[in-house]
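Observations on chain architecture
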Amino acid sequence: MNWINSVVRPKIRSFLNKRESPENLWVKCPQSGEMVFYRDLEANQWVVPNSGFHMKIKARDRMKAFLDNGEYTEHEVPDVAHDPLKFRATKKYADQLRDYRAKTDMKDCVLLASGKLIGRDVTVGVQDFDFGGGSLGMAAGATIVKGLEMAVKNKTPFILFTASGGARMQEGMLSLMQMPRTTVAVQRLREAGLPYIVVFTDPTTGGVTASYAMLGDVHIAEPNALIGFAGQRVIEQTIRESLPKGFQRSEYLLEHGMIDMVVHRHNLRSTIGKLVGMFMKSPLNDMELAAPKKKTVRDAIVEAEGAGDDADNAPAENSEDVAPPPVAHAE
Amino acid sequence: MQSYLEFEKPVADLQGKVQELKSLAQSGEAVEIEDEVKRLQDKADEALHEIYGRLTPWQKTQIARHPLRPHFVDYIKNLITDFVPLAGDRKFSEDAAVQTGFGRFDGQPVAIIGQEKGSNTESRLKHNFGSARPEGYRKAVRVMDMADRFDIPVLFFVDTAGAYPGVGAEERGQAEAIARSTEMCLEIGVPSLAIVIGEGGSGGAIAIATANKVVMLEHSIYTVASPEAAASILWRDAAKAQEAANNMKITAQDLKEFGIIDQIIPEPAGGAHRHAPEIMQSTHKVIEDFLAEFEGKGRLEVREHRREKFLAMGSNLT
């Protein structure tokens, strides 16, 4: 690390100060193995430029990348009972919670906000895997219920980015009860005639998949996200054979009819923006009319299939972001 | 032949002695043994009472899984007449882990949905040990929908270690099937009662346990993940299952206190597997009371009662 420190130190000091310092300024792409500079990744919404691998993105970075001008109003996580089981496994749950909070600067694993998506009001939830594996406990459940209720009250769509290992074991059955609780809130949004769009990010498993995540009007997944009910280790132990290639990945779920589409992170804004506009019966607005037109059906398909694009490396300006990025892989 | 759980060993020893004396008496070797037999029998009963008076959650887990514990089929046989079983999800296949149908309880039509674990090798395989695949939950949705349209109350009997973790189950949308089943539980306008008769295992249980009234047999368990699974997640060691069971508040008593369940069906000392007739009698009473409680309530009222009950869960805790 010494030579890196001496070479790049002046450059990095600024962001070392404004955010927690990354352990390594060069990040290895888990897919291709290439080394990518931290800042390049950050600027590219944590998609590895060459391989197109979608890395995890922090909840607030996600919110910024997804909403107009990176602007949003964060809403508080409701207060819930604190460690009702007085639970302790290898560590005290109370201490674990403190660690998660320090690590993520979040109160629990769901970030709730309102903002605008292509000029229209939306309520957005983002689940952060870094906070206790995105596990669903009372606080996360209450935040999702609150988000759905706010969407009903403000007559907005609800968009939820999921990432979770499943139930929060340390809260026992109170965690399991978040499955029906969130389901009630989804039903009420539906009864209010408002759309609910789920974006599955890597990984979404267990009780989260088996409740609110699978109840969306439209299911979108980022490329190669792990999505399933049972964990792969458990399945392997049960069937005592190795799993098929690509098992429980986004593309596999698409093939099996569980999701509507696999969409590149850079194209989530435009894809969801279009759906929201139509579902809310809102006329095309200035942002949409200003966007370049003339798109062929094939372009739309390529876009939906998530052809990430090198030309899109720079953080997109808002107006550009509305339009689909130029497609490099079209023949 | 009564089988004994490990922690019941003192009782087993005493009963062994009783048997020994009895057979001695039969062969004519001992004469004045009646008093001694009675004394030992009393002692054995006392030991059983004592053990069952202070069961640990892990011991309850073993009782909940006891092979002779009354299963779904026993409740149907004893409490329901005119039972007409229904099969198939109309989409892919039949799943015998979840049993459904309509029958009469004291003459009144009821819809019945429950998990059956099986009681011998053949039936266990047939019922996949009570672990449902997506088709089981989709069949449950189908029957709930019917019950809703025909305005017939629903009884759920919950007894599963969890939904089946297999490649096919995942491929056909296990998570979606569970989510839709839970959703249907919350949608129907007819009253519903869920009885956890053995194991209520995780999402596989909640999919048919989201009811207006949820009751548990005294020594059944209801868990966010089976003690083995929880141990492997929390300690990375499935052998810590005992510790997980004892720490995770999985007993009827704990869950009643949390407000997660509404009522406990008491089990006489020795557990439901030694006292099936009493269990049937008290379960009968619970169903009777449930039907009376919701008699004449409007559809919207019934549905909102259920939804509000689940939404409020946890708000009583600090």
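Residues numbered from 1 in each chain as written. Chains lettered and ligands numbered in written order. Predicted model: local features only at pLDDT ≥ 70, side-chain atom pairs only at ≥ 80, totals over all residues. Heavy atoms only, no water.

1. Digging into the overall build of chain B
How we decide: Strands here mean DSSP runs of E at least two residues long; helices mean DSSP runs of H or I at least four residues long; both are numbered from the N terminus. Throughout, the radius of gyration refers to the C-alpha atoms, and the reference size of a globule is 2.2 Å times the residue count to the power 0.38. Per-residue accessibility, obtained with a 1.4 Å probe over protein chains only, is compared with the maximum for each type, and a residue is labelled buried under 20%, exposed over 50%, and partly exposed between these values. In this analysis, two residues are considered to be in contact whenever any of their non-hydrogen atoms come within 4.5 Å of each other.
The secondary structure content of chain B amounts to 14 helices and eight strands. Against the compact-globule benchmark of 20 Å for 318 residues, chain B has a radius of gyration of 21 Å, which places it among compact chains. Dimensions of chain B along its principal axes, counting C-alpha atoms only, are 70 × 50 × 45 Å. Across the 318 residues that make up chain B, the buried fraction comes to 59%. In chain B, 73% of the contacts between residues at least 6 apart in sequence involve partners at least 24 apart.

2. With respect to helix α4 (residues 72-79) of chain B
All names here are of chain B. The following threshold applies: By definition, the arc is the one covered by directions from the helix axis to the C-beta atoms.
Taken as a whole, α4 has its buried residues at F72, Y75, I76 and L79. Relative to the axis of α4, the buried residues are bounded by an arc of 100° and lie together on one face. Among the exposed residues of α4, those pointing more than 90 degrees away from its buried face are K77 and N78.

3. Describing the domain arrangement of chain B
All names here are of chain B. Convention followed: Domain delimitation follows an automatic or database domain assignment. Note on definitions: buried area is the accessible-area loss of two parts on being combined, 1.4 Å probe, summed for both. What counts as a salt bridge is simple: a side-chain nitrogen of Lys or Arg found within 4 Å of a carboxyl oxygen of Asp or Glu. Polar contacts, as counted here, are pairs of nitrogen or oxygen atoms within 3.5 Å of one another; within protein the pair requires one atom able to donate a hydrogen and one able to accept it, and residues that are adjacent in sequence qualify only if both atoms are side-chain atoms. In this count, Pro and Cys sit with the nonpolar residues alongside Ala, Val, Leu, Ile, Met, Phe, Trp and Tyr, while Asp, Glu, Lys and Arg are called charged and the others, Gly among them, polar.
Taken domain by domain, chain B consists of domain 1 (6-54) and domain 2 (61-311). Summarising the inter-unit geometry, the C-alpha centres of domain 1 and domain 2 are found 37 Å apart. At the interface, five residues of domain 1 touch eight residues of domain 2. Between domain 1 and domain 2, the buried area comes to about 570 Å², and carbon and sulfur atoms account for 65% of it. When the buried surface of domain 1 facing domain 2 is broken down by residue, F7, L48 and Y52 rank first, second and third, together holding 76% of it. Counting across the domain 1 and domain 2 interface gives one salt bridge. R274 is the salt-bridge partner of E8, the closest N and O atoms lying 2.9 Å from each other. Along the contact surface separating domain 1 from domain 2 lie three residue pairs in polar contact (both at pLDDT 80 or more). A class-by-class count of the residues in the side of domain 1 that touches domain 2 yields three nonpolar, one polar and one charged.

4. Digging into the interface of chain B and chain A
Contact residues are listed per partner, giving 50 residues for chain B and 50 residues for chain A. With both sides pooled, the region where chain B packs onto chain A buries about 4,200 Å², and carbon together with sulfur makes up 70% of that total. Looking only at chain B, the three residues that lose the most surface to chain A are E170(B), V224(B) and L311(B), adding up to 16% of its buried area. One can count five salt bridges joining chain B with chain A. Salt-bridge contacts for E191(A) lead to R307(B); the nearest nitrogen and oxygen are separated by 2.9 Å.

5. Remarks on the packing of aromatic side chains
Using the following cut-off: The criterion for an aromatic pair is that two Phe, Tyr or Trp rings (for Trp, the six-membered ring) have centres within 6.5 Å, with stacked assigned to planes under 30 degrees apart, edge-to-face to planes over 60 apart and tilted to the rest.
Within the structure shown, the criterion is met by 11 aromatic pairs over all chains. Both rings, one in Y38(A) and one in W46(A), keep their centres 5.3 Å apart while their planes meet at 85°; by these two values the pair is edge-to-face. Looking at Y38(A), the relative accessible area reads 6%, which means it is buried. On the basis of relative accessibility, which here comes to 11%, the residue W46(A) falls in the buried class. Taken together, the aromatic side chains of F72(B), Y75(B) and F157(B) make up a single cluster linked through ring pairs.

6. Quick word on the pattern of salt bridges
All names here are of chain B. As enumerated under the stated definition, the model contains 44 salt bridges over all chains in all. Residue R138 is joined to E176 by a salt bridge in which the shortest nitrogen-to-oxygen separation is 3.0 Å. Here R138, found in helix α6 (residues 134-149), pairs with E176, found in helix α8 (residues 174-187); they are 38 residues apart in sequence, far enough to count as distant. Judged by relative accessible area, E176 falls into the buried class, the value being 17%. For K309, the salt bridge identified is with D262, shortest N-O distance 2.6 Å. Residue K309 is found in helix α14 (residues 299-312), and its partner D262 is found in the loop between α12 (252-258) and β8 (263-265); the two are separated by 47 residues along the sequence. A relative accessible area of 31% means that D262 is categorised as partly exposed.

7. Remarks on the UniProt feature "domain: CoA carboxyltransferase C-terminal" (unreviewed entry) in chain B
Our working definition: UniProt positions are given in the numbering used here, feature names are shortened, and annotations may be inferred rather than shown by experiment.
Here, UniProt's "domain: CoA carboxyltransferase C-terminal" (unreviewed entry) annotation points to residues 40-293 of chain B. What you have in residues 40-293 of chain B is 46% helix and 20% strand, and the ends, taken at the C-alpha atoms, are 46 Å apart.

8. Some words on the pairing of strand β5 (residues 120-127) of chain A
Residue and element names in this part refer to chain A. Selection criterion: At least two bridges found by DSSP between two strands are what make those strands a pair. With the strands pointing away from the viewer, any crossover whose connection runs clockwise from the first strand over the helix to the second is right-handed.
Of all eight residues in β5, seven are buried, a share of seventy percent or more. Pairing analysis gives eight bridges linking strand β4 (residues 110-117) to β5, with the strands arranged antiparallel. In the strand pairing of β5, L112 is matched with G125. What sits between the antiparallel neighbours β4 and β5 is a turn of two residues, in which I118 has the positive phi angle 45°. Pairing geometry for β5 and strand β6 (residues 158-164), over four bridges, is parallel. Looking across to β6, one finds that V124 is bridged to I159. This β-α-β element, β5 to helix α5 (residues 138-154) to β6, shows right-handed connectivity.

9. Examining the nonpolar core
One broad trend across soluble globular proteins is that nonpolar side chains are buried collectively. Defined as follows: In this text, buried Ala, Val, Leu, Ile, Met, Phe, Trp, Tyr and Cys residues form a nonpolar core when linked through side-chain atoms within 4.5 Å.
I159(A), I220(A), I272(A) and Y222(B) are the most contacted members of the largest nonpolar core, which has 140 residues in total. With sequence-adjacent residues up to four places away left out, I272(A) is seen in contact with F66(A), L117(A), I159(A), I197(A), V199(A) and I220(A). By size, the runner-up hydrophobic cluster in this structure holds 25 residues, among which are L79(B), I279(B), F294(B) and V302(B).

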